[in-house]
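A closer look at the structure
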Amino acid sequence: MKTHPRAFVQLCVTALSNGYAVGFARGTIFKGRIKGLCLPGLNCYSCPGALGACPIGSLQAVLTSHEYGFSFYVVGFLLAVGALCGRFVCGWLCPFGFFQDLLHRIPFPKKLRRLPGEKALRLLRYVILVGFVILLPMFVTDAYGLGKPWFCTYLCPAGTLEAGIPLTLASAALRDAAGWVFRWKLLLLILLILLSLVVYRPFCRYLCPLGAVYGLCNPVSLVRLKVDPGACVQCGVCQDACPLDIQVWKKPNGTACIRCGKCVRACPCGAIQAPFVKGGKTVSTKG
Amino acid sequence: MMRRALPGLCLLGVGVLFLVLGVLRGEPGTVLTKAANVCLECIGLG
């Protein structure tokens, strides 16, 4: 299998952001000060190897704290990263996205380019962002006035994969404490793994609140795709090459694009350009 | 080209401003406190 530069970058980022190997060996987590820094991708901070903080987990942590009603730090981080590169993070820098990429490479009898109800499904990530990441943590509180991280608690598959499974394997006490919520999240993870064999990146497409935020920044981000209307012959090769089935020639910087660059390499006219990947051809075929 | 980049630059400016405000408020400390302890909710035990 040919290793593409993007896969190599994803591997390096995953290894670097989860480089605390001792944590895996001892069943502990890294506690150094740099863990107060957010990493751009979805990477659970309770992963034994995690060296930084998950922005979605951090956002919920600050929203549910007594001191702050709003997180300038995390929102600022998300806006700054989103403004710089949008969902380039999803395509190149997210460990959980990389995991789904690897799963989708596994041969399967039937691969689907989209699921029935694709348009409605793609709106789900905004419901999860607004409901589970922002509103429920802020407004559903316990007797002490503290909220909990609803997305992390009930939905996040990265937390189950990177933290729940390794930590419960390493600790009998945690295994004994695992109840219905752990089993529910494990089921969700298994379903996503199976779905990843059939459709490309189901979590990113339909459920990821972090992708929802970065996706909203795609249309204005400084790193973006450019389609030359003079060179484009609207042949649709870009859409065929796009694993998310996006009509790139029509909407090159839509909210769903993870900036993997496959359309750029596939374009026979060199009409699509991006700063992070080389195009196929650069000669225009239009007179 | 500058006009096209203006919305992105403005958003970047707001993001950096918020980031600095958040750091000055001490929010990274809250993030560190959360991140440096095993999040039982995150692993499905909370």
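Read on for a plain summary of the structure. (Residues numbered from 1 in each chain as written. Chains lettered and ligands numbered in written order. Predicted model: local features only at pLDDT ≥ 70, side-chain atom pairs only at ≥ 80, totals over all residues. Heavy atoms only, no water.)

The next point concerns the pattern of salt bridges. All names here are of chain A. Throughout the structure, instances matching the rule amount to eight salt bridges over all chains. Across the salt bridge formed by R122 and E118, the nearest N and O atoms sit 2.7 Å from each other. As far as the burial class goes, R122 and E118 line up, both buried. Measuring nitrogen to oxygen at the nearest pair gives 3.0 Å for the salt bridge that ties R205 to E118. With R205 in helix α13 (residues 202–206) and E118 in helix α7 (residues 118–121), this pair connects stretches of sequence that are 87 residues apart. Across this residue pair, the class does not change: R205 and E118 are buried. The structure contains a network of salt bridges with shared partners spanning R6, D101 and R201. (Salt bridge = Lys/Arg side-chain N within 4 Å of Asp/Glu carboxyl O. Buried < 20%, exposed > 50% of the residue type's maximum accessible area, 1.4 Å probe, protein only. Helix = DSSP H or I, 4+ residues; strand = E, 2+ residues; numbered from the N terminus.)

All names here are of chain A. For S17, the location among the structural elements is in helix α1 (residues 5–17). Residue classification places S17 among the buried residues on the basis of a relative accessible area of 10%. Polar side-chain contacts of S17 include one of 3.5 Å to the backbone oxygen of T14. Among residues more than four places away in sequence, those in contact with S17 are L39, N43, G49, A50, L51, G52 and P95. (Polar contact = N/O pair within 3.5 Å; in protein donor to acceptor, adjacent residues only side chain to side chain. Contact = heavy atoms within 4.5 Å.)

Right, let's get into the packing of aromatic side chains. All names here are of chain A. Under the defined criterion, the tally for this structure stands at 12 aromatic pairs over all chains. When the centroid spacing of 5.3 Å and the interplanar angle of 85 degrees are considered together, the rings of F96 and F203 count as edge-to-face. Placement of F96 in helix α6 (residues 95–105) and of F203 in helix α13 is noted, with a sequence separation of 107 residues between them. A residue is classified by how much of its surface remains accessible, and F203, at 2% relative accessible area, is buried. Aromatic pair W150 and Y154: ring centres 5.3 Å apart, planes at 50 degrees, arrangement tilted. Of this pair, W150 and Y154 both sit in helix α9 (residues 150–154), four residues apart, which is roughly one turn of that helix. Taking the relative accessible area as the measure of exposure, W150 reaches 19% and is therefore buried. Overall, the relative accessible area of 18% leaves Y154 in the buried class. Chaining the aromatic ring pairs together yields one cluster made of F132, W150, Y154 and W180. (Phe/Tyr/Trp six-rings, centres within 6.5 Å; stacked < 30°, edge-to-face > 60°.)

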